[in-house]
Amino acid sequence: MNVLKFGGTSVANAQNINLVLNIVADAAKKEPLVVTVSAFSGVTDLLVAAASKAAAKDKTYKDIVNQIEQKHKEAIEQLIPLSDQRELIDSINSNLNHLKTLLDGCYLLGELSNRTSDTILSFGELLSSQIIAKALQQKISSATYKDSREFIKTNSHFGKAVVNFDITNKLISDYFKASAAKATVIPGFIASSEDGNTTTLGRGGSDYTAAIVAGALNSSQLEIWTDVNGMFTANPKIVKQAQPIEVISYQEAMELSHFGAKVLYPPTIQPVLKKNIPILIKNTFEPEAAGTLITSAVSGKENPIKGISHIDKISLLTLEGSGMIGVSGSSKRLFEVLSHENINVIFITQASSEHSICIGILNSDADNAQKAINKAFELEIAQNKIDPCIVEKNLCIVALVGENMKNHQGLSGKMFSTLGKNNVNIRAIAQGASERNISVVINERDVKKALNTLHERFFEDNTKQLNLFVMGVGNVGEKFMDQIHQQKKFLKENLKINLRVIGISNSRKMLFDEEGIALKDWQALLDNGETANKDAFISKVKELNLRNSIFVDITANESIANIYDQFLQENVAVVTCNKIACSSAYANYNNLKQLSRKYNAPFLFETNVGAGLPIIDTLKHLIASGDKVNRINAVLSGSLNFIFNNFSDTYSFHDVVKEAGVQGFTEPDPKIDLSGVDVARKILILIRESGYAMEMEDITNNSFLPEECMNTTNNEDFFKSLVKHASHFDQLLEEAKQKNSRLKFVASFENGKASVGLQFIPSDSPFYNLEGKDNIVQFYTDRYVDQPLLIKGAGAGAAVTASGIFADVIRIGNV
């Protein structure tokens, strides 16, 4: 005989009940069934509210009773033919009249006893089970109804009665031995005392009813039908990638349930646990889904971690002091105090020095516990032997659960390192000798990040989700977004990187979507976004607190460069093509590098020099391997190289500079490029990355621009000045021809000195044939003495700059 239990959502309305009836009818073809049902969804809450209002002399309890009556009579009308309703309606009316009488009594007396409360609450299951039994008879003629109070016997502890299994098991066994019904519907949650009063079985009572019957009948299986596809590897509401668990042990299931998995309430499955009866958790709304089988026999070849769960709203209480060391009974006194106050201890950890003991309890119990503990240890506190009890609130317990964890080394290390990499601070740790779970206490605000990070590490085939917040979606930014859209599938399949853009902003609008912005429509979505605000953008990134968050700066804005520290301190990586931060005061540059190391938040800026060329990355590897850079020669401005390569007798300097701007080779303010400031920033960054401390003011800038051009304050005036001084630029071109040279803007560093300026490059120089917008860098090092290490390639352009930014993002994904 099989036992099926259907919860409140499964029997919420007639539509859902029809699904239940189909499931039961199919199952009854194979073997006789016992069908345990809960009250209709929401009815138990209505009964609690009605009882409270009646006891408080609030006449609106009658309105609630009318709601309950209406709900059940609507179900009868929709489920049962009119010709078969009379007998059932008479029974339902009788129950409802009894309910009204009890509530009227509560109203008159102005009180609600536990005994009366149990009887009132019992009507939810009594009403639903009778209706469902009658409806089932339309599909299975031999189906019947049985009041579970007739064979589940308890003591008189109203509210959470204790079952007398000796009597109960015999009554259940005797009844079903004599029954020929193919399906018997019984109400869950309710029982009766030995003297005949109605009692209830407490939280998870309907599950408990089903387990009691399954245990008494030695059933082949207990099926619990609910609204989810079984137990999951994590809470699917928090971890979208959570997967159903196909098979799990009793112990693992109880651990996960204890730590917040709502499918089961651990005490309720004890009757089947004792007899090794498997439990199958199924979804009423997806009956074809496999569900989760809970059994004693579980293979050890699977992932040793079965699930990740959590308990929120936790407070950590710490009692510490030298007066506890070597003193027997301190722990006993502590737990006796909590027991006396009826406070449940969820988490315990104690240092081997005996200097302190930490316990985790619910936030709601924290203040009461603190007062009681301080009172119990007031003598030791007064003598300074023990410190007053310390309370930390708004914490959360996160647990890895798995039966086979004890057979796998390094799981704790992986857990702690994974959390650490995402700046999730662990406040306390506990692990039992059975090694069935590893629990940590963290800040409640980090729970979503922690659960997703751990799930990614242990369940998602090492797929790493990167969450991007992009500021600046102009020319380069647009190319960057297009490249992400194009490569998203490739990255997931080949590099195990799941790339999501969560936030984007330009100077006018900003947009956020925690599930990831639809990249094919990002421009239209952004146009309809909220008004851009830098501080609000930062706050949103912090508020979301997503794992593997990356702030991508694709602006040339100094105010944006000044906020990198706020992201790094929150463990948000920074990827930037904005050169301002790394060429600012050395103290600021160094601080950003230190914050990156301290908070384990990558700070990458490959595109600061050479756009997409791997110049900085190559330099970092040289330094890391122990080499020393002694000299640098470089053409670092793709825009200036483009300008001087195309400047000719037939193509004026003004027109070439205009064209460079159109093609996206120059900064929005072209004077930054032509003044040499941009090149000075780039060589400064290379010098600093080589290990030298240098400031921008230390670089000699030999500008080729006339002073009037340099003193302009806007682009319009700047371009006018280029036309006015055309002869100056023509003269430079003519001089280069006379010397059989080409004009290149060169950056140099040697012997602690750096300079930038226009040079006449002879034909035998490797810089001479540098075409288009290309860059070239020569590193002379202790290892590369006679022949420098040379890096050459396209050093400007929206597409290559975007690809360089993209490469930095991928580097973070591969860490």
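Residues numbered from 1 in each chain as written. Predicted model: local features only at pLDDT ≥ 70, side-chain atom pairs only at ≥ 80, totals over all residues. Heavy atoms only, no water.

Student: Kindly report on the sheet that holds strand β30 (residues 789–794), identifying the contributing residues and their values.
Tutor: Strand order in this open sheet of six strands is β26-β28-β27-β25-β29-β30, and the pairing throughout is mixed. This sheet does not close on itself; its edge strands, each paired only once, are β26 (699–702) and β30. The average angle at which neighbouring strand axes cross in this sheet is 20°, direction not considered. Packed on one face of the sheet, helix α22 (residues 638–646) meets β25 (629–635), β27 (741–750), β28 (753–762) and β29 (774–781) and runs near 155° to β27. Along the sheet, helix α28 (residues 726–738) makes contact with β27 and β28, crossing β27 at roughly 90°. (Pairing = 2+ DSSP bridges. Helix = DSSP H or I, 4+ residues; strand = E, 2+ residues; numbered from the N terminus. Axes fitted to C-alpha atoms, helices over the stretch in contact; angles between N-to-C directions. Contact = heavy atoms within 4.5 Å.)

Student: Report on the nonpolar core, specifying residues and quantitative values.
Tutor: Phe551, Phe653, Leu686, Phe704 and Phe779 are the most contacted members of the largest nonpolar core, which has 80 residues in total. Broken down by element, this core gets its largest block of residues, seven residues, from helix α25 (residues 677–689). Of all hydrophobic cores here, the second largest spans 56 residues; its members include Val24, Leu88, Ile89 and Tyr107. (Core = buried A, V, L, I, M, F, W, Y, C linked by side-chain atoms within 4.5 Å. Buried < 20%, exposed > 50% of the residue type's maximum accessible area, 1.4 Å probe, protein only.)

Student: Could you give an account of the pairing of strand β5 (residues 183–187), with specific residues and numbers?
Tutor: Burial within β5 is extensive, with five of its five residues counted as buried. Neither face of β5 is exposed, since Ala183, Val185 and Pro187 on one face and Thr184 and Ile186 on the opposite face are all buried.

Student: Which residues make up unusual backbone geometry, and what are the values?
Tutor: The phi dihedral of Lys57 falls on the positive side, at around 60°, and the residue is not glycine. If you trace the backbone, Lys57 turns up in the loop between α2 (43–55) and α3 (61–79). Phi at Asn548 takes a positive value of approximately 50°, unusual for a residue other than glycine. Its place among the elements puts Asn548 in the loop between α17 (534–544) and β22 (549–553). Residue class for Asn548 comes out buried when judged on its relative accessible area of 14%.

Student: I'd like a description of the pattern of salt bridges, backed by residues and values.
Tutor: Throughout the structure, instances matching the rule amount to 33 salt bridges. Notably, a salt bridge pairs Arg86 with Asp90, separated by 3.0 Å at the nearest N-O pair. Of this pair, Arg86 and Asp90 both sit in helix α4 (residues 86–109), separated by four residues, roughly a single helical turn. For Asp174, the salt bridge is made with Lys170, and the minimal N-O distance between the two is 2.8 Å. Here Asp174 and its partner Lys170 are both found in helix α6 (residues 165–178), four residues apart, which amounts to about one turn of the helix. Since its relative accessible area comes to 37%, Asp174 is described here as partly exposed. The structure contains a network of salt bridges with shared partners spanning Glu606, Asp617, Asp808 and Arg811. (Salt bridge = Lys/Arg side-chain N within 4 Å of Asp/Glu carboxyl O.)

Student: Which residues make up the environment of Gly329, and what are the values?
Tutor: Along the chain, Gly329 turns up in the loop between β12 (307–320) and α10 (330–340). Judged by relative accessible area, which is 32%, Gly329 ranks as partly exposed. Between the alpha carbons of Gly329 and Gln431 there is a distance of 23 Å; along the sequence they are 102 residues apart.

Student: With reference to specific residues and values, describe the packing of aromatic side chains.
Tutor: Throughout the structure, instances matching the rule amount to 24 aromatic pairs. On the numbers, 4.1 Å between centres and 15° between planes, the contact of Phe653 with Phe729 is stacked. Taken together, the residues span a long stretch of sequence, with Phe653 in helix α23 (residues 653–662) and Phe729 in helix α28 at a distance of 76 residues. Residue classification places Phe653 among the buried positions, given a relative accessible area of 2%. An aromatic cluster of three or more residues is present, and its members are Phe469, Phe512, Phe537, Phe551, Tyr564, Phe567, Phe603 and Phe605. Against the face of Phe165 rests Lys274, its NZ or CZ located 5.7 Å from the ring centre. (Phe/Tyr/Trp six-rings, centres within 6.5 Å; stacked < 30°, edge-to-face > 60°. Lys NZ or Arg CZ within 6 Å of the ring centre and 35° of its normal.)

Student: Explain the sheet that holds strand β10 (residues 279–283) to me, using residue names and the numbers behind them.
Tutor: Pairing is mixed across the open sheet formed by eight strands, whose spatial order is β3-β5-β2-β1-β8-β10-β11-β9. The outermost strands of the open sheet, each flanked by one partner alone, are β3 (144–145) and β9 (247–249). On top of the sheet, helix α1 (residues 14–27) reaches β1 (2–6), β2 (33–37), β5 and β8 (222–226); it is set at about 175° to β1, its chief contact.

Student: Explain the environment of Lys134 residue by residue, including any values.
Tutor: Inspection of the secondary structure assignment puts Lys134 in helix α5 (residues 114–136). It is 7.4 Å that separates the C-alpha atoms of Lys134 and Ile80, two residues lying 54 residues apart in sequence.

Student: Requested: an account of α3, with residues and values cited.
Tutor: Here α3 contains 19 residues, and its C-alpha end-to-end distance of 28 Å stays within 8% of the 27 Å for a straight helix at 1.5 Å per residue. Buried residues of α3: Tyr61, Ile64, Val65, Ile68, Glu69, His72, Ala75, Ile76 and Leu79, and no others. When α3 is viewed along its axis, its buried side chains cluster within an angular range of 140° and face the same direction. More than 90 degrees from the buried face of α3, the exposed residues found are Glu77 and Gln78. (Expected span 1.5 Å × (residues − 1). Arc of directions from axis to C-beta.)

Student: Any chance you could break down the side chain of Ser675 for me, citing the residues and the numbers?
Tutor: If you trace the backbone, Ser675 turns up in the loop between α24 (671–674) and α25. Among all residues touching Ser675, those that are not within four sequence positions of it are Asn701, Ser703, Leu705 and Met710.

Student: Describe in detail the pairing of β22, supporting the description with residues and values.
Tutor: Buried residues dominate β22, accounting for five of its five residues. With burial as the criterion, each face of β22 is covered, one bearing Ser549, Phe551 and Asp553 and the other bearing Ile550 and Val552. Sheet topology places strand β18 (residues 464–471) next to β22; five bridges connect them, and they run parallel. Note that in β22 the partner of Asn467 across the bridge is Ser549. Pairing of β22 with strand β23 (residues 573–576), which is carried by four bridges, proceeds in the parallel orientation. The residue bridging Phe551 from the neighbouring strand is Val574, located in β23.

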